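Architecture at a glance
Spelled out from the first residue to the last, the chains are:
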Amino acid sequence: DKAKVKAIQASARASVAEIQSILDAYVAGDPYILVGADGQQKCYEVAGAQSDRTCATIYPGTTLGGTYPSFPNGLGTVKQHFLTHRNLGLGEKSPYAGEPLFEGLIPGQTVSSAGRIGIENSVSSITIRAYGRATTLGSEIFNTTVTSR
């Protein structure tokens, strides 16, 4: 059980830097690259991006994975891109039940089962809460909020 908890904590910690870079790109209206559900790199750009801020301009040769609404209205879409990236693109699974490791949450909600990492967004931040066997608020094994800069 200790190894499972450490694995979940490691994934949660690793997601912090990745989410920070995605948030920074989102706020700036810049494109970002993630692994899509098909396992291939995908580029995501703000809807109606200026020509100097498109995936084709900044990351030539990448496949457009989709768009996101501009700040401050698109963080839910950006969160979904991240969840697809980690769960389907990278195939991360909970060491407890084999379910997708990351789960999208709404404020005040906890994960649906043990050994998962909840991702909750506000207007300009994403909270990462990782759980071992217990899934109640306050029982997190990792809890941090990443805020756009």
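Preceding block: the structure.
Now for a quick tour of the structure. What you see is a predicted model; the values in this text were computed from it and never measured. (Residues numbered from 1 in each chain as written. Predicted model: local features only at pLDDT ≥ 70, side-chain atom pairs only at ≥ 80, totals over all residues. Heavy atoms only, no water.)

**Quick look at helix H3 (residues 75-89)**
Compared with an ideal rise of 1.5 Å per residue, which puts 15 residues at 21 Å, H3 spans 19 Å between its outermost C-alpha atoms and is within 8% of the ideal. Most of H3 sits out of view: 11 of its 15 residues are buried. Leu 75, Val 78, Lys 79, His 81, Phe 82, Leu 83, Thr 84, His 85, Arg 86, Asn 87 and Gly 89 are the residues of H3 that are buried. (Helix = DSSP H or I, 4+ residues; strand = E, 2+ residues; numbered from the N terminus. Expected span 1.5 Å × (residues − 1). Buried < 20%, exposed > 50% of the residue type's maximum accessible area, 1.4 Å probe, protein only.)

**Some thoughts on the state of the cysteines**
By the definition in use, this model includes one disulfide. A sulfur-sulfur separation of 2.0 Å characterises the disulfide bridge that pairs Cys 43 with Cys 55. Between Cys 43 and Cys 55, the S-S dihedral sits near -90 degrees, and the bridge is therefore left-handed. Within this pair, whereas Cys 43 is found in strand S2 (residues 41-46), its partner Cys 55 is found in helix H2 (residues 55-58), the two being separated by 12 residues in sequence. Residue Cys 43 shares its accessibility class with Cys 55, and that shared class is buried. (Disulfide = S-S within 2.5 Å.)

**Considering the nonpolar core**
One finds Ile 19, Tyr 32, Ile 117, Ile 119 and Ile 128 to be the most contacted residues of the largest nonpolar core, which totals 27 residues. When contributions to this core are tallied by element, the ones reaching two or more residues are helix H1 (2-28), strand S1 (32-35), S2, H3, strand S5 (117-121), strand S6 (125-130) and strand S7 (142-147). Among the elements that take part in this core, H1 stands out by supplying seven residues, more than any other. Discounting chain neighbours no more than four positions away, the residues touching Ile 128 are Ala 12, Ser 15, Val 16, Ile 19, Ile 117, Gly 118, Ile 119, Phe 142, Asn 143, Thr 144 and Val 146. (Core = buried A, V, L, I, M, F, W, Y, C linked by side-chain atoms within 4.5 Å. Contact = heavy atoms within 4.5 Å.)

**Quick word on the pattern of salt bridges**
Under the criterion given, the structure shown has eight salt bridges. Arg 86 is the salt-bridge partner of Glu 18, the closest N and O atoms lying 2.7 Å from each other. With Glu 18 in helix H1 and Arg 86 in helix H3, this pair connects stretches of sequence that are 68 residues apart. Judged by its relative accessible area of 5%, Arg 86 is buried. For Lys 42, the salt bridge goes to Asp 38, with nearest N and O atoms at 2.9 Å. With a relative accessible area of 47%, Asp 38 lands in the partly exposed category. One salt-bridge network, in which partners are shared between bridges, spans Glu 18, Arg 86 and Glu 92. (Salt bridge = Lys/Arg side-chain N within 4 Å of Asp/Glu carboxyl O.)

Any functional reading would require information beyond the geometric quantities listed.
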